[in-house]
Each structure stands twice: as C-alpha cells, then as structure tokens.
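# Reading the structure
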Number of protein chains: 2
Amino acid sequence: MVDEEKCRANIKRMVQKCIKHNLEFRPHFKTHQSSDIGRWFKAEGVTGITVSSVKMANYFADNGWNDITIAFPVNIREVDAINALSNEISLTILISDSVALESLKTSITNPTGVMIEIDTGSNRTGFNINHEAEISDVITEISEVKNLLFKGFYSHPGHSYKARCKSEIHEIHKGVLLSISDIISGTNLNREEYNICIGDTPCSSVAANFTGIDQLSPGNLVFYDLMQVQIGACTLSDIAVALACPVVAKYPSRNEIVIHGGAVHLSKDVIDHESIKHYGYPVELTKNGWNPTNKNGYVKALSQEHGIVKCTNEFMRFIHVGDIIGVLPVHSCLCADLIGSYQTLKGKSLNHIRSSSIQYYG
Amino acid sequence: MVDEEKCRANIKRMVQKCIKHNLEFRPHFKTHQSSDIGRWFKAEGVTGITVSSVKMANYFADNGWNDITIAFPVNIREVDAINALSNEISLTILISDSVALESLKTSITNPTGVMIEIDTGSNRTGFNINHEAEISDVITEISEVKNLLFKGFYSHPGHSYKARCKSEIHEIHKGVLLSISDIISGTNLNREEYNICIGDTPCSSVAANFTGIDQLSPGNLVFYDLMQVQIGACTLSDIAVALACPVVAKYPSRNEIVIHGGAVHLSKDVIDHESIKHYGYPVELTKNGWNPTNKNGYVKALSQEHGIVKCTNEFMRFIHVGDIIGVLPVHSCLCADLIGSYQTLKGKSLNHIRSSSIQYYG
C-alpha cells in the first residue's frame, strides 16, 4: 500500500530543500522502480534521475526519462546495452576502479557521461580519496577518450546508515564534506566544469550544509522506513508504504498472530530494539491509511511466507483471523522490489519493474 | 545456476531414505517453485507434494500435480480459490487455529483434506500439543463438516534450524518424536486412519528414527545452502545452486571485490562465523560447475545491488573485473525466489513461479 499524499510530501520536501541549497535533485529510482511514481517526481520539476542497473535505466528511458545516471560500478559485460542506451538518451555511468576504465576506452561507441566514484567513508565502492595521483590519472585518461565525457564525482556515504540519531548523521556528513573538499582541492580542474553528487537518504534528509556539493541523489526518502526512523532520518509519520498482510492464525496464549507476510515479502533486514529483533511494525489499515505507530507490537520472526507478530494485549483483542493488517517495513526498497506492484489508498494500481529478476550478462 | 546432477542426487537420496523408512515423501516445492525441477521429483516416483500458498498450488496443479498439501495456515479470505482448486485436484489444507475452522464450516464447497497443524516446539504455528481437549474438539468438529476430510497432523519443526551439529539435530528430533507420540496417544482414532507429516530439512536429512511418522515434506534439501551446512544437515558439496555474479570492481588494498549480486538477489539471511557475518561464499564457476569451498573468502556485506566479497590473497589474484563468479547462498529458497529463473550447467533454462509477487486477497 502506498500513501500517495505522504509520498508526494516526501518528494516535495526534498525538492524544496534542493532549491533552497541550490542543488540539483537527481533522485535514485531504485527504491520505487515505478514509472507511475516517477511521474510524481516529474510533476515537481525533476528531470534527471539515478538508477542502479542498466535494466532499470532502460525501463525509465522507455518511460520518457532522458537524463539518467547509473550509480553502480559499470559492468563491462554490459557495454553493448550501455551503447544502445546512450544512443537514445543522455547517459552517465560510474567508474569505480581503474580496470573498468581500461576496458571502456575501446568499447564505448557513443558520447557517454562518466562520474568517478569516490569512497567518502563507506568502504563499499569507489576510489580511495587519499589516492590523489590515481584519481588524477583517471581524469586524464577519461579526457583522452573521445566518447567519455567527464562529469564529476559521485559518492554514496552509506556509512550514514550506522548513525542512530541526527547528531550522528551530522557528524558523518561533516566527514563527507571534508572528503569532498579534499577532492576539490586535489584536482586542478575548473570547479564550474564538473559536479559533485552524493546520494544517501540520511545525510540528504538531515544535513543543512552542502558546501561543495552540486547534486543530491537519495532514493529511500520517497517511502522512508523503520531503518530510517532508527537512523534518525525521518519519523514514523513520514513512512509512505505498508505491506498489507492477511492474518491467518491467532495464538492468545503467546500474544502472537501469524500473517501471510514473510521473507519473500518483507526481505530480512532487521532493526535491533533493546536487543530484540524487529522485522516490522503492525498497524491497523483503514480507508485513510494507517496510524503510524510502533505501539501495537512488532514482527518478531519471518519464515519464507510466515510473519510472526508479537502483539500488545490491546492489539491482540482488536485483530481477528481474516483481517488484513499493515506492516511498516524495515527496508522499503527491498520490500517494494519483492512485491513488484503497489496500490494507493484509493485503490489505484502502480507498476514496478523488479530489476533484480533478470540481469544482463552472457 | 543449478547443478542438475547434484540436485537429482539430493532428491534421490531423500526418496531412498523414505523408501527405507516406509515414509511417503511429499516434498515441499516452495524452495524451487519450478515445474521443470518438479519433473525431476516425478521421475523418482513422487506423486504428492507440499506448497506454501494457494498461488503455488494452482501453478503446480496447472503443471500436472493432482495431490497437493498447502502447508500454511489456511487463509479464509482465499476460500474461493481453494474451492476452485479442490474441484480439480486432491487438495489438503492446514488448520492451525480454531477460528479458521469455524469460518470454513460453511464456506468449503468441495471435499477437501484437512491436516491439523501441531506445534512440536518451533513456536511458529499450530496447536499447542498440551491443549489435548482443544485438539480433540477440532477433530470432532472436522468430522461433523461434510466437505472436510480429516487427514491427520502436520508439523514443521523449525526449531531444528537452531541446531549447529548433527547431534543437536538428533536431540531436537527426539523431542519432536516425543510430541508426536503424545499426539498419537492423546487421540482415540484408529492409527490407520490418519497420517503424521513433518517437514523440516535438518531432521529429514539427519534423523534415522521416524517412529510415528508417515510422511516427510522437506523442501530445502533439493538445493541445500550454507545455513544447512552450518546446521549440520548437509555438506558444502551437496549445495546444488550458486548465484552467478559479475565482478564489477576490485580493491586490492582491501582484498575485496564488488559483485553485481546484492540483497535483491541473495536476500539477507546471514550466518555468523566467529562473530563475522557471512552472506555467501564465492566460488569459481567452470563448465563443470564449481568447486564447493569456503576457502576463497566470503560475502561480507550486501546493499540493494552490491555484494562486497572479502577475498583470500589467492582468490584476489585469480579474479578479475569482468569475470563471473558463483556465490553459494546462505538461504537458497529466498535467493531462488528473488531471481525467478534458473540455468543448468549445460545452459538449459528452468522456470520459476515467484509466488510472492501476487497474493490473493480482495
């Protein structure tokens, strides 16, 4: 279930924040993977977007988006698909290590934007910011390849997911800004000629200082989820999706209900709450949506199809076998990817591509 | 990737075990969700199967299976779909609490088998075995409903997943057998008139005593996975699936490679190895499959699309950007559900239904 109003409010809030800070908003569409929800961004003036696979880029290109960044280390096995797509739209790819660049020099056939991915502390992907000479060489090499157009630097400060309050997010963001300042001072390029883009929802939502940054590409903010609440990036009221789950059994002696909503629906991301694992929060579904609360209990375990919900006495009395409850997800991106479609509170169906199901490599 | 030979060997081993112990093998098809792989069971003489949703039951009924148990607490909102299916095949549903039974009394329109789910220690679903009077009442109530045919008792001893060696599995299985003995002595039914079915892969794989049990319905054994290795249910060599993942970046200074293989491909089940989280083991893929090993390193983190693999020095030297490696999954059921298709080592495609994507409730 998607609460369209909350979803549009989340989008609008980030659009306005970007306007205020003179940033280009290039939202990451991996979270919703929906051309229908994409239109809600377009309505707010968004024209450039970010995705995490060539398949997703093709899908959004087919749906009218013509300025797309694939924010994933370029997969050199997909170069034919990249060339086909860059023939149609303005495409930007990520160079995250020097080996991939070597291969692209001879295989890219159309003008293609390139951002250099830098690692600002997440230790996931990107060039180490201390390897200045290497980064400098990569910029030079890119400039020497006819079809590669250097666009700037990209970073996903994923270590912000370790934060557990706003001040911790601010602290991490400060470190990111320092890294970016190092990158800027490490190059002798004209600052007007390239962009710096960062893309995590916690820093994008909470930070108030974006010195050195030109573009923001958060994705999760469109829905938010319990993990973002735990991090301090949003409140329970901002969460714009809930998984509708039928109640199939009720065990009063254990204060537990069983729902058809398991690991194949919610995925298995988890938050720890006082050393107890929570896989979601149960909420009552009404025509107007749900009352955002963590006071009804929690999903304590997931099998493939089963969810076990530990309930308060009150929620236990209130819920019956045959009811449908909502579950606020721990990680909305993974839940949306698993379900593969949405319904708004007004009953309208929204599409979803499920980019995970097929990959390009032969 | 599916290693058909290993897969067929896993099936055959369980078929032979069931013959030896005079058990009916009713494999759970939720793991593979594939009519193609279903045929490998049929080739070994399997005629009755187990699934975990009405959608899955419909899919296998459409593919020629006509004796199906839906081993999930019956969802009373799906009664129309159940009635439609029971018109076509021999269908058995699960009663896991007394409320659902009440609703079915008036809504089931065709003869439908019913098993009473009992909780033999997993605390997930089913009647508490100590509530003898309640179970007795349910049996009586079932016998009074024209279209409900009492078939026996079903249990999934999911607490066997907490085992970490064969002797712990044996210990848990002993407790399950005791519970079953209590159930048998608690009813005054003729023992010939009902079946007892249990369905977990660890006990099914390891136990050698099945006193009181008539049917086995494990599912995971078709593929096995790292979790089953950790539990003690199989060896690394028994694992019959690996996720093929392209290598997209390489960071020698961290001894890490990055693969296109994330939480939307592997799901997020995890095993703890000396307090380090492992999301999978990387293996070299060759034309003959893979060398089953945990000696190349481990998948240390998963984002939505990224997998970060910590590598040994040797594997690091051996693997290059652009290669495709295999990843032995922690939980093969969830990985297969996410990918939604298979390829054998000989390049043959096998289908998969993805039962999670759509559910029946209006």
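All values derive from a computational prediction rather than experimental measurement.

### Some remarks on the overall build of chain A
Scanning chain A from N- to C-terminus turns up twelve helices and 20 strands. In terms of overall dimensions, chain A is globule-like: its C-alpha atoms have a radius of gyration of 22 Å, near the 21 Å expected for 362 residues. Taking the principal axes of its C-alpha atoms as reference, chain A extends roughly 70 × 40 × 35 Å. Every one of the 362 residues in chain A was classed for burial, and the buried ones make up 63%. When contacts within chain A are restricted to residue pairs at least 6 apart in sequence, those whose partners lie at least 24 apart make up 64%. In the structure as shown, chain A presents an accessible area of about 13500 Å², 48% of it carried by carbon and sulfur atoms. Charge-centre separation for chain A: the mean point of 33 positive side chains lies 9 Å from the mean point of 38 negative side chains.

### Focus: the pattern of salt bridges
A full pass over the atoms with the stated rule returns 32 salt bridges over all chains. Between arginine 354 of chain A and aspartate 337 of chain A there is a salt bridge; the shortest N-O distance is 3.5 Å. Here aspartate 337 of chain A lies in helix 12 (residues 332-339) and arginine 354 of chain A lies in the segment after strand 20 (349-350), a separation of 17 residues in the sequence. For the pair shown, arginine 354 of chain A and aspartate 337 of chain A are each scored as buried. Connected through shared salt-bridge partners, Asp119 of chain A together with Arg254, Glu256, Lys300 and Lys310 of chain B make up one network.

### A closer look at the relation of the copies chain A and chain B
Once chain A is rotated about the relating axis by 180 degrees and shifted along it by 0.0 Å, it coincides with chain B to within an RMSD of 0.0 Å. Look at the turn and shift together and you get a two-fold axis relating the two. The C-alpha atom lying nearest the rotation axis in chain A is that of lysine 268 of chain A; the distance is 2.7 Å.

### Things to note about the environment of methionine 227 of chain A
Residue and element names in this part refer to chain A. Summarising the element assignment, methionine 227 is placed in helix 9 (residues 226-231). Taking the C-alpha atoms as reference points, methionine 227 and asparagine 128, 99 residues apart in sequence, are found 27 Å from one another. Every residue in contact with methionine 227, bar those within four places of it in the chain, is listed here: Tyr161, Asp269, Ile271 and Val330.

### A word on helix 6 (residues 132-143) of chain A
All names here are of chain A. Between its first and last C-alpha, helix 6 extends 17 Å over twelve residues, near the 16 Å set by a 1.5 Å rise per residue. Residues of helix 6 that are buried: Ile135, Val138, Ile139 and Ile142. Taken down its axis, helix 6 places every buried residue within 100 degrees of arc, on the same side. Those residues of helix 6 that are buried lie in contact with strand 4 (90-95), helix 5 (98-107), strand 5 (112-119), strand 6 (127-128), strand 7 (148-155) and helix 7 (166-186).

### Structural notes on the interface of chain A and chain B
Opposite the 58 residues of chain A that make contact, chain B presents 58 residues. Taking both sides of the interface into account, the surface hidden between chain A and chain B amounts to around 4900 Å²; carbon and sulfur atoms contribute 55%. If you sort the residues of chain A by the area they bury against chain B, Phe72, Arg124 and Gln304 of chain A come out on top, with a joint share of 13%. The tally of links from chain A across to chain B stands at four salt bridges. A salt bridge links lysine 268 of chain B to aspartate 269 of chain A, with the shortest nitrogen-to-oxygen separation between them at 3.1 Å. Applying the counting criterion to the chain A and chain B interface returns 24 residue pairs in polar contact (both at pLDDT 80 or more).

### With respect to helix 7 of chain A
Residues and elements named next belong to chain A. For helix 7, which comprises 21 residues, the first-to-last C-alpha distance of 30 Å matches the rise-based estimate of 30 Å (1.5 Å per residue) to within 8%. If you check which residues of helix 7 are buried, you get Ile169, Ile172, His173, Val176, Leu177, Ser179, Ile180 and Ile183. Buried residues of helix 7 fall within an arc of 165 degrees about the axis and therefore sit on the same side. Opposite the buried face of helix 7, at more than 90 degrees from it, the exposed residues are Glu171, Lys174, Leu178 and Ser185.

### Here we look at the packing of aromatic side chains
Counted under the stated rule, the structure contains 18 aromatic pairs over all chains. Consider the rings of phenylalanine 25 of chain A and phenylalanine 41 of chain A, whose centres lie 6.2 Å apart with planes at 45 degrees: the pair is tilted. Of this pair, phenylalanine 25 of chain A sits in strand 1 (residues 24-25) while phenylalanine 41 of chain A sits in helix 2 (residues 35-42), placing them 16 residues apart in sequence. Seen in terms of ring centroids, phenylalanine 150 of chain B and tyrosine 194 of chain B are 6.3 Å apart; in terms of plane orientation they differ by 40 degrees. Their pairing is tilted.

### Some remarks on the pairing of strand 14 (residues 280-286) of chain B
Residues and elements named next belong to chain B. With five bridges joining them, strand 14 and strand 18 (residues 324-329) adopt antiparallel strand pairing. Note on strand 18: the bridge partner recorded for proline 282 is valine 327. As defined by bridge partners, strand 14 adjoins strand 15 (residues 289-290) across two bridges and the pair is classed as antiparallel. For threonine 286, the partnering residue across the bridge sits in strand 15 and is glycine 289. With antiparallel pairing between neighbouring strands as the criterion, strand 14 and strand 15 make up a hairpin whose turn holds two residues.

### Notes on the sheet that holds strand 15 (residues 289-290) of chain A
Residues and elements named next belong to chain A. The seven strands lie next to each other as 15-14-18-10-11-17-16, forming an open sheet whose pairing is antiparallel. Each edge of the open sheet is held by one strand with a lone partner, namely strand 15 and strand 16 (297-302). Sheet topology note: the strand 11 (residues 256-260)/strand 17 (residues 306-311) ladder contains five bridges and is antiparallel. Looking at the pairing, histidine 260 lines up with histidine 306 of strand 17.

### Re the environment of lysine 287 of chain A
Locating lysine 287 of chain A in the fold gives a position in the loop between strand 14 (280-286) and strand 15. Considered as a pair, lysine 287 of chain A and glycine 48 of chain A are 239 residues apart in the sequence and their alpha carbons are 34 Å apart.

### Thoughts on the domain arrangement of chain A
Reports often express the size of an interface as the amount of accessible area lost when the parts come together. Residues and elements named next belong to chain A. Segmentation of chain A into domains returns domain 1 (4-222) and domain 2 (241-350). The distance between the C-alpha centroids of domain 1 and domain 2 comes to 33 Å. In this complex, domain 1 contributes eleven residues to the contact, which on the side of domain 2 involves twelve residues. With both chains or domains summed, domain 1 and domain 2 bury close to 820 Å², and 49% of this area falls on carbon and sulfur atoms. It is Glu4, Lys6 and Thr31 in domain 1 that bury the most area against domain 2; as a group they hold 38% of the surface buried on that side. Only helix 1 (4-20) and helix 2 provide two or more residues apiece to the side of domain 1 that touches domain 2. The element that contributes the greatest number of residues to the side of domain 1 that touches domain 2 is helix 2, accounting for three residues. In terms of residue class, the side of domain 1 that touches domain 2 is made up of two nonpolar, five polar and four charged.

### Quick notes on the pairing of strand 17 of chain A
For a regular strand, the rule is simple: side chains alternate between the two faces of the sheet. Residues and elements named next belong to chain A. Counting buried positions along strand 17 gives five out of six residues, so the element sits mostly inside the fold. Where strand 16 meets strand 17, five bridges bridge the pair, whose relative direction is antiparallel. What sits directly across from valine 299, in strand 17, is valine 309. Turn length for the strand 16-strand 17 hairpin, with the two strands adjacent in sequence and antiparallel, is three residues.

The rules behind each value
Residues numbered from 1 in each chain as written. Chains lettered and ligands numbered in written order. Predicted model: local features only at pLDDT ≥ 70, side-chain atom pairs only at ≥ 80, totals over all residues. Heavy atoms only, no water. Helix = DSSP H or I, 4+ residues; strand = E, 2+ residues; numbered from the N terminus. Rg over C-alpha atoms; globule rule 2.2 N^0.38 Å. Buried < 20%, exposed > 50% of the residue type's maximum accessible area, 1.4 Å probe, protein only. Contact = heavy atoms within 4.5 Å. Areas by Shrake-Rupley, 256 points an atom, 1.4 Å probe, with all protein chains shown as cover. Lys, Arg positive; Asp, Glu negative; His and termini not counted. Charge placed at Lys NZ, Arg CZ, Asp CG, Glu CD. Salt bridge = Lys/Arg side-chain N within 4 Å of Asp/Glu carboxyl O. Least-squares fit on C-alpha atoms with pLDDT ≥ 70 in both. Expected span 1.5 Å × (residues − 1). Arc of directions from axis to C-beta. Buried area = accessible area lost by both parts, 1.4 Å probe. Polar contact = N/O pair within 3.5 Å; in protein donor to acceptor, adjacent residues only side chain to side chain. Phe/Tyr/Trp six-rings, centres within 6.5 Å; stacked < 30°, edge-to-face > 60°. Pairing = 2+ DSSP bridges. Domains from an automatic or database assignment. Nonpolar A, V, L, I, M, F, W, Y, C, P; charged D, E, K, R; others polar.

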